[in-house]
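# Structural description and commentary
Below, each chain spelled out in residue letters.
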Amino acid sequence: MATFFKVAELDDLEEGDLYPIEVDGEPICLARLQGTIYAFNDNCTHISGALNEGELEGMMITCPWHGARFDIPTGKVLRGPARQDLMTYPVKIEGSSILISLPDELF
């Protein structure tokens, strides 16, 4: 069974916000888009640019360093120079708390 960690409160994110967090040393970005909370690795897979500083366009994030683009819900690369998809994380809402689950291999 997956272990979920409380990482934020719903009030911490407005619609369209990018919210950087760290869970067990992993840099993660939360995004609130169309009322849904998404969690994905905050480092671009090209050269680790901080995606929370990137440009948000609909459901897509553009890395501020070299312009790689990713689909937020799936983590898929939409435009290089990145070639590897972002890791995305399951999100669960309990009351007003945002919880995410990390893969077991990170522990």
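Everything below is about the structure shown above.
Structural notes, computed from the coordinates. (Residues numbered from 1 in each chain as written. Predicted model: local features only at pLDDT ≥ 70, side-chain atom pairs only at ≥ 80, totals over all residues. Heavy atoms only, no water.)

### Some details on the overall build of the chain
When you go through the chain residue by residue, the secondary structure sums to zero helices and eleven strands. Counting from the amino terminus, helix and strand elements in the chain follow one another as β-β-β-β-β-β-β-β-β-β-β. Its C-alpha atoms give the chain a radius of gyration of 13 Å, near enough to 13 Å, the size a compact globule of 107 residues would have. Dimensions of the chain, computed from the C-alpha atoms along their principal axes, are close to 40 × 30 × 20 Å. The buried share among the 107 residues of the chain stands at 39%. Long-range contacts, defined here as pairs at least 24 residues apart, represent 38% of the contacts in the chain between residues at least 6 apart. For the chain, the accessible area works out to roughly 5800 Å², and carbon and sulfur atoms hold 46% of it. Distance between charge centres in the chain, computed from 7 positive and 18 negative side chains, equals 7 Å. (Helix = DSSP H or I, 4+ residues; strand = E, 2+ residues; numbered from the N terminus. Rg over C-alpha atoms; globule rule 2.2 N^0.38 Å. Buried < 20%, exposed > 50% of the residue type's maximum accessible area, 1.4 Å probe, protein only. Contact = heavy atoms within 4.5 Å. Areas by Shrake-Rupley, 256 points an atom, 1.4 Å probe, with all protein chains shown as cover. Lys, Arg positive; Asp, Glu negative; His and termini not counted. Charge placed at Lys NZ, Arg CZ, Asp CG, Glu CD.)

### Comments concerning the packing of aromatic side chains
Counted under the stated rule, the structure contains zero aromatic pairs. The aromatic ring of Phe4 is capped on one face by Lys92, whose charged end is 4.3 Å from the ring centroid. (Phe/Tyr/Trp six-rings, centres within 6.5 Å; stacked < 30°, edge-to-face > 60°. Lys NZ or Arg CZ within 6 Å of the ring centre and 35° of its normal.)

### Here's the deal with the nonpolar core
Counting residues in each nonpolar core, the largest one holds 15 residues, and the members touching the most others are Phe40, Cys44, Leu51 and Phe70. Elements supplying a minimum of two residues to this core: strand E3 (26-33) and strand E4 (36-41). By residue number, the principal contributor to this core is E3, which donates three residues. Judged by nonpolar contacts, the second largest core, of 13 residues, contains Leu13, Ile37, Tyr89 and Leu102. (Core = buried A, V, L, I, M, F, W, Y, C linked by side-chain atoms within 4.5 Å.)

### Some remarks on the sheet that holds strand E9 (residues 88-89)
Taking strand neighbours across the sheet as the criterion, the four strands line up as E2-E3-E4-E9 in an open arrangement whose pairing is antiparallel. In the strand order of this sheet, the two ends are held by strand E2 (18-23) and E9, each with one partner. The pairing of E4 with E9 spans two bridges and is classified as antiparallel. Pairing of Ala39 across the sheet is with Tyr89, part of E9. (Pairing = 2+ DSSP bridges.)

### Quick look at the sheet that holds strand E11 (residues 97-101)
Taken in spatial order, the three strands of this open sheet run E1-E11-E10, and their pairing is antiparallel. The two strands at the open ends of the sheet, each matched to only one other strand, are strand E1 (4-9) and strand E10 (91-94). On average, each strand axis in the sheet is tilted by 35 degrees relative to the strand beside it, whichever way the strands run. Pairing of E1 with E11, which is carried by five bridges, proceeds in the antiparallel orientation. (Axes fitted to C-alpha atoms, helices over the stretch in contact; angles between N-to-C directions.)

### Looking at unusual backbone geometry
Peptide bonds are, in most cases, trans, and in most cases residues other than glycine have a negative phi. For the bond from Gly80 to Pro81, the omega torsion is 25 degrees, close enough to zero to count as cis. By secondary structure assignment, the location of Pro81 is in the loop between strand E8 (77-79) and E9. A positive phi is found at Asp24, a non-glycine position, where the angle reads about 50 degrees. Residue classification places Asp24 among the exposed positions, given a relative accessible area of 55%.

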